[in-house]
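# Geometric and topological summary
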Amino acid sequence: MRIPIEKPVLVTSALPYVNGECHIGHLRTYVPADIYVRMLRKMGYDVIFIGGSDTHGTPIVLSAEAQGITPEEVVEKYHKHFKRTFQALSVNFDYYGRTDSESNHRRTTEIVKKLIENGYVHKEETKQAFCSTCGRFLPDRYVEGKCPYCGAVARGDECDQGCGKHLEPGEIIEPKCKICGNEADFKQQEHFFFKLSSFADFLISYLDKLGGTRNARNYALEWTKKELRDWCITRALEWGVKFPGRDDLVVYVWVDAPIGYISSTEELLGGRGGGGEDEWMKYWKGNKATIVHFIGTDIIYHHCIFWPAMLKGAGYSLPDAVVASGMVKINGGTFSKSRGNVVWVKEFLERFHPDTLRYYLVAQSSHTKELNFSWDSFSMRVNNELVAILGNLVHRVISFAYKNFGVVPEGNIDEDVFAAIARTKEEETRAVDEYEFKKLVDSAMKLADFGNSFFQREEPWHLIKKGDAGRERCGEIVKNVLQLIKAVCIGLEAVMPAKMEEVWSQLGMESDVHSVKLDEMMTPIQSGQPLKKPKRLFDRVEL
RNA sequence: GCCGGGGUGGCCUAGUUGGUUAGGGCGCUGCACUCAUAAUGCAGAGGUCACGGGUCCGAACCCCGUCCCCGGCACCA
């Protein structure tokens, strides 16, 4: 689906939970989001790109305790880490915020109050596991015991290894705290619930029109067919956004996390432009903008069910599209830190150029499908595609041209060449509309292939030795292939911004490759423009 | 169990409304080329599209049944 060109666009990328380092699984969402934003800008859209760190919740509190530091310090450490990682990978957010910011606390409080005012929140007494050794209430994932039905080991609210039954609070036998290993018991506690059940009809019609990838919509629609249970939106915890009027409760992280999209927009636009402090409302009130969320398939529920219901209940604009990327596997297995089945981005970048990773992440599989990372497939992509097809084309042609002409030679661009470029431009545009980033790179690489084939067929290295006429025809061939390189470069800038900047410079282009529009693929390269001495683009990967 | 996504030559994979010899990549074989990072180009071998039935002039694609793989099943970031 093509989004309307007249409206401003807000693209967000899921907020990383900052209690550990960035691994390549995270990037499956951030890199395509960045590529999408770059492509939209090339296509003439007015876009802002928002991201941020998710900073609240029990895991961060526990992580802090384990390290003997405060939650603030944990958050600070990994927030910086993620921010630096994104910079290193050219994932250029217009604003990268955090959910523990003053403005997010304020916006979350405002929205929760609005939900209460509108009658969407109610109080309930529930049983909650409590560990007296740790002195805290335990979320389900930290409770372990026996299933009352089959006797198997059960966790929290589900008998996950036995009969699979859902367990009501208090049902589990011999509950233990997974943090300290001691016995836990259940206490009565007052909690607040969001009336998700009253949004069922709204969600069905909303999801029906929701753009983005099919997997997100299908999953979410499936849930709406079942009974929607009300959400418990409070936790007995210190670290978080206080529930209005209650000092002992904070809101559940999935309330304040997505609100981070709004508060980050506020922080970005707060003091900007003629719109004054309310500039952000253009994006979040009255459906005046297009909102696109990039997420992983693991959080579809929160973005397609819970979040739109909250926005609707509090009177905010609704997301127009949710783009969900498939999960990353490593060597065919699930991600596991303990088993060492993990690839850390930091270590990756010590060995390889960030653009090779950006390329791999989108070239390896279609966006909504699972991506199975292996070093073998990585080296194959780099050596057979980036080195052999793209790097080689750029290097052989610019080397030849630089040596024999020094500038872009005179000559006309062939019809065939323009036709191939036009076709590529169309394919690339369609790929963006469909959120098929693999098709984007495949299409650009096909054009590079065409360039190699064209150069080979015309044998300019023979022509150059055949007098003035030969030299003239040779120049024309070279100009044609330089035109192809220029077009390939524009399309691939979104995928490999740093590397394409190098190519752009070798071509002797004066403009900024990052702000060039897609239409320029068809603009003839200027004859007489001085070429730069070429350097290799990519090194072969030897494992 | 329920729901979703898959099962296409040795391997990975395209094929969105059914239509001429099922595309591409890796690997493999042969030839050509030397501008280029032993990179490139051209040609070739290799598939009963999981299995069984059905609809149709015609099905990888639609319907029914069977088998196998993966993921989700809610308060877990």
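Note on numbering: residues in each chain are counted from 1, in written sequence order. Whichever chain is written first becomes A and whichever ligand is written first becomes 1, with later ones labelled in order. The model is predicted, so local features are restricted to residues of pLDDT at least 70 and side-chain atom pairs to those at 80 or more, both for listing and for counting; the totals for chains, interfaces and linings are taken over all residues. The side-chain numbers reported here are obtained from all heavy atoms of the structure, hydrogens and water having been left aside.

### Quick look at the overall build of chain A
Numbered from the N terminus, helices here are DSSP runs of H or I no shorter than four residues, and strands are runs of E no shorter than two. Scanning chain A for helices and strands turns up 17 helices and 17 strands. Principal-axis analysis of the C-alpha atoms places the extent of chain A at approximately 95 × 50 × 40 Å. All accessibility values rest on the Shrake-Rupley procedure with a 1.4 Å probe; residue burial counts only the protein chains present in the view. Within the structure as shown, chain A displays about 23300 Å² of accessible surface, and the carbon and sulfur contribution to it stands at 47%. In summary, the charge assignment counts Lys and Arg as positive and Asp and Glu as negative, without counting His or the chain termini. Charged groups are reduced to one reference atom each: NZ for lysine, CZ for arginine, CG for aspartic acid, CD for glutamic acid. Placing the 70 positive and 75 negative side-chain charges of chain A at their respective mean positions leaves the two points 3 Å apart.

### With respect to helix α1 (residues 24-42)
To estimate how far a helix should reach, multiply one less than its number of residues by 1.5 Å. For α1, which comprises 19 residues, the first-to-last C-alpha distance of 27 Å matches the rise-based estimate of 27 Å (1.5 Å per residue) to within 8%. Looking one or two residues past α1, glycine 44 carries a phi angle of roughly 100°, positive in sign.

### Remarks on the packing of aromatic side chains
Any pair of Phe, Tyr and Trp rings, taking the six-membered ring for Trp, is counted once the centres come within 6.5 Å. Such a pair is stacked with planes under 30 degrees apart, edge-to-face with planes over 60 apart, and tilted for the rest. Taken as a whole and judged by the stated rule, the model has 36 aromatic pairs. The structure contains a cluster of three or more aromatic residues connected by ring pairs, namely Tyr120, Phe194, Phe199, Phe202, Tyr206, Tyr219, Trp223, Trp231, Tyr252, Tyr301 and Phe306. Sitting over a ring, as applied to charges here, requires NZ of Lys or CZ of Arg to be within 6 Å of the ring centre and within 35 degrees of the ring normal. Lysine 187 extends its terminal NZ or CZ atom over the ring of phenylalanine 130, reaching a point 4.0 Å from the ring centre. When the ring centre of phenylalanine 538 is taken as origin, the NZ or CZ atom of lysine 499, which lies over that ring, is 5.4 Å away.

### Regarding the nonpolar core
To qualify as a nonpolar core, a set must consist of buried Ala, Val, Leu, Ile, Met, Phe, Trp, Tyr and Cys residues joined through side-chain atoms within 4.5 Å. Three exposure classes are used, based on accessible area relative to the maximum for each residue type with a 1.4 Å probe and protein chains only: buried under 20%, partly exposed in between, and exposed over 50%. Counting 113 residues, the largest nonpolar core has Val11, Tyr36, Phe373, Leu390, Leu482 and Leu492 as the members making the most contacts within it. In this description, contact between two residues means that some pair of their heavy atoms is separated by no more than 4.5 Å. Those residues in contact with phenylalanine 373, other than ones at most four positions away along the chain, are Ile24, Val328, Lys329, Ile330, Asn331, Val343, Phe348, Tyr360 and Phe378. Counting 58 residues, the second largest nonpolar core, distinct from the first, contains Val251, Ile262, Ala309 and Met310.

### Let's talk about the sheet that holds strand β4 (residues 121-131)
Two strands pair under a simple rule: DSSP has to find at least two bridges between them. Read from one edge of the open sheet, four strands run β5-β4-β9-β11, paired in antiparallel fashion. On the outer flanks of this sheet lie β5 (136-137) and β11 (231-232), each paired with one strand and no other.

### Let's talk about the sheet that holds strand β2 (residues 47-53)
Overall, parallel pairing links the six strands, which are arranged β3-β2-β1-β14-β15-β10 in an open sheet. Of all strands in the sheet, those with a lone pairing partner are β3 (95-98) and β10 (211-212), marking the two edges. Looking at chain direction, strand β1 (residues 9-13) and strand β14 (residues 290-296) are connected through five bridges and run parallel. Each bridged residue has a counterpart across the sheet, and for valine 9 the counterpart in β14 is threonine 290. Between N-to-C directions, angles span 0 to 180 degrees; the directions come from axes that are lines fitted to C-alpha atoms, helices contributing only their stretch in contact. The sheet contacts of helix α9 (residues 300-314) involve β14 and β15 (321-325), and relative to β14 the element is tilted by about 145°.

### Topic: helix α5 (residues 200-209)
When we look at burial in α5, the residues that qualify are Phe202, Leu203, Tyr206 and Leu207. For α5, the angular spread of buried residues about the axis comes to 120°, placing them on one side. The exposed residues of α5 that point more than 90 degrees off its buried face are Asp201, Asp208 and Lys209. Packed against the buried residues of α5 are α6 (214-225) and α9. Starting at the helix axis, one direction is taken to each C-beta atom, and the arc is that of these directions.

### Some words on the confidence of the model for chain A
Residue-level confidence of the predictor, termed pLDDT, takes values from 0 up to 100. The predicted model of chain A has a mean per-residue pLDDT of 89, with 94% of residues at 70 or higher. No element of chain A has a lower mean pLDDT than strand β7 (residues 153-155), at 70, and none a higher one than helix α17 (residues 497-506), at 97. Complex prediction metrics read pTM 0.93 and ipTM 0.88.

### What to know about the side chain of threonine 99
Note on placement: threonine 99 falls in the loop between β3 and α4 (102-117). Given a relative accessible area of 1%, threonine 99 falls into the buried group. Under this definition, polar contacts are N or O atom pairs within 3.5 Å; protein pairs additionally need one hydrogen-donor-capable and one acceptor-capable atom, and for neighbouring residues in sequence, both atoms have to be side-chain atoms. At 2.8 Å, the side chain of threonine 99 and the side chain of threonine 55 are in polar contact. Each residue touching threonine 99, except ones within four places of it in the same chain, is listed here: Leu15, Ser53, Asp54, Thr55, His56, Asn104, His105, Asp256, Ala257 and Gly260.

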